[in-house]
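Now for the letters of each chain:
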Amino acid sequence: GHRGLPLFRSSAASVLYKRQVIAGYFAYFVYNAMLKPNTAFNNETAYIYVPTNATYEEVREQLEPLLKDIDSFDALAVQKKYTTNIKAGRFPVKKGMSNNDIINSIRSNNLPIKLSFNNQERIEDLAGRIAQQIEPDSLSLLKAMTDSTFLKEKNFTKQTVMNMYVPNTYEFFWNTSPELFRDKMLGEYYRFWNDSRQAKRKALKLSVNEVMTIASIVQKETAKVDERPRVAGVYLNRIRKGWPLEADPTVIYAKKLKENNFDQVIKRVLYKDLEIDSKYNTYKYPGIPPGPITMPDVSAIDAVLNAEQHDYMFFVADVKNFGYHKFAKTLAQHNANKRLYTQWISSQGINR
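Residues numbered from 1 in each chain as written. Predicted model: local features only at pLDDT ≥ 70, side-chain atom pairs only at ≥ 80, totals over all residues. Heavy atoms only, no water.

J.: Please clarify how the packing of helix α9 (residues 195-203) against helix α13 (residues 298-305) should be interpreted in this entry.
T.: The description of two helices packed together rests on the angle between their axes and the distance between the axes. Between α9 and α13, the least distance of the axes is 9 Å, while the angle of their chain directions is 50°. Regarding the angle of α9 to α13, the classification is oblique. On α13, the residues touching Arg-197, Lys-200 and Arg-201 of α9 are Val-298, Asp-302 and Leu-305. When grouped by side-chain class, the residues that make up the contact of α9 with α13 number 2 nonpolar, no polar and 4 charged. (Axes fitted to C-alpha atoms, helices over the stretch in contact; angles between N-to-C directions. Helix = DSSP H or I, 4+ residues; strand = E, 2+ residues; numbered from the N terminus. Parallel < 35°, antiparallel > 145°, perpendicular 65-115°, else oblique. Contact = heavy atoms within 4.5 Å. Nonpolar A, V, L, I, M, F, W, Y, C, P; charged D, E, K, R; others polar.)

Structure (structure tokens):
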């Protein structure tokens, strides 16, 4: 009878002890795997880029250099079913985060990036520029951007497709698909062409494409934003009078297009270049070319819509005030300005 009692006590004590050990181990596991800081970098924030349809291995590979203890992370990732439910995107891992914080962040905190582009000469160049900033590659972007069904539906052509992309900085998720990128940019384009800009365009009796094409020429003619409205005024004057635009940048574009070489640098237009048979050659063909010769800045587009009103019909580079131009109302005045420029350019030994 009496002997059994201590035995009973000791087994109860051992169960209790085991429970405490398990509870202690569990607490240790919880603390270690879930709550203990587990970052091994000094910056405030590191970012991981999880590709679409990524495996856990790919995520783990990016995390390993950032963590002190990858094994405890693995254990919790399995526990929290992250390993079978991976989300694509760009996720922040902040210094001092625990495994639990990290998993919550890379599961739900996809942060947008600031995507920006400036004047690209061709849609191919733009696709390349975008591909450096978001997940899709340039070929898949180009395919979506030049999709003939899309272009037709939205009233664009291969020549005018560039009009859709207004240089600026935009917010995008890193894992945006090519089609979503394109569709969002169309929305931005409609937003850009608001009532006020549309009213100014109509007052000029020009289509959006014509405004963008003139703006692209203005863009190439002068880098000086304060001079753009004056240069735009010259082209609008020539259009009103039915004169050919005679814009050197269009000849350069026609040459690059004809030779399919957009890498060549041309500083001087030669007389033989003026003979290139291309609708983009505004010495040979009157009117406005079929589409933009580069992507115009907002400042160039607005320079056309708010062009300076004056009687100037010509301009040539001003050799005394670099980057700016000398404007003329008459051919005689222009020829005098041009002589100074020609003398200067020859003295610099620029033949091409």
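Next, the rest of the story.
J.: Help me understand the packing of aromatic side chains in this model?
T.: The description of an aromatic ring pair rests on the distance of the ring centres and on the angle between the ring planes. Using the criterion set out here, one finds 16 aromatic pairs in the structure. Between Phe-117 and Tyr-170 the ring centres are 6.0 Å apart and the planes differ by 25°, which places this aromatic pair in the stacked class. With a gap of 53 residues between them, Phe-117 in strand β3 (residues 113-117) and Tyr-170 in strand β4 (residues 168-172) connect regions that are remote in the sequence. With respect to burial, Phe-117 and Tyr-170 carry one shared label: buried. Each ring, one from Trp-243 and one from Phe-314, has its centre 5.8 Å from the other, and the planes form 55°; the classification is tilted. A residue pair is termed long-range when its members are at least 10 positions apart, and Trp-243 in the loop between α11 (228-241) and α12 (248-258) and Phe-314 in strand β5 (residues 314-317) qualify at 71 residues. Assessed through its relative accessible area of 10%, Phe-314 is described here as buried. Across the ring face of Phe-172, the terminal group of Lys-184 is positioned such that the distance to the ring centre comes to 4.5 Å. Lying across the ring of Tyr-312, Lys-329 places its NZ or CZ 5.6 Å from the centre. (Phe/Tyr/Trp six-rings, centres within 6.5 Å; stacked < 30°, edge-to-face > 60°. Buried < 20%, exposed > 50% of the residue type's maximum accessible area, 1.4 Å probe, protein only. Lys NZ or Arg CZ within 6 Å of the ring centre and 35° of its normal.)

J.: Even after reading the chapter, I still don't get α12, so can you show me in this structure?
T.: Because the α-helix completes a turn every 3.6 residues, residues three or four places apart line up on one side. Of all the 11 residues making up α12, 8 are buried; the element is thus mostly covered by neighbouring parts of the structure. Residues of α12 that are buried include every one of Pro-249, Thr-250, Val-251, Ile-252, Tyr-253, Ala-254, Lys-255 and Lys-256, and no others. In the core, the buried residues of α12 are packed alongside α10 (208-221). Taken from the residues just after α12, Asn-260 is the one with a positive phi, measuring 50°.

J.: Can you help me understand the side chain of Gln-219 in this one?
T.: Of note, Gln-219 is situated in helix α10. Side chain to side chain, Gln-219 and Asn-119 meet in a polar contact 3.4 Å long. Not counting residues within four places of it along the chain, the set of residues in contact with Gln-219 comprises Asn-119, Arg-228, Thr-294, Met-295, Pro-296, Asp-297 and Ala-300. (Polar contact = N/O pair within 3.5 Å; in protein donor to acceptor, adjacent residues only side chain to side chain.)

J.: Explanation requested: the packing of α10 against α11 in the structure shown.
T.: Two numbers describe how α10 lies on α11: the axes approach to 10 Å, and their chain directions differ by 130°. In terms of orientation, α10 lies oblique with respect to α11. Between α10 and α11 the crossing geometry is right-handed. Taking contact as the criterion, the partners of Ile-214, Ile-217, Val-218, Gln-219 and Glu-221 in α10 are, on α11, Arg-228, Val-231, Ala-232, Tyr-235, Leu-236 and Ile-239. Its residues placed into classes, the contact of α10 with α11 shows 8 nonpolar, 1 polar and 2 charged. (Left-handed = near helix turned anticlockwise from the far one by under 90°.)

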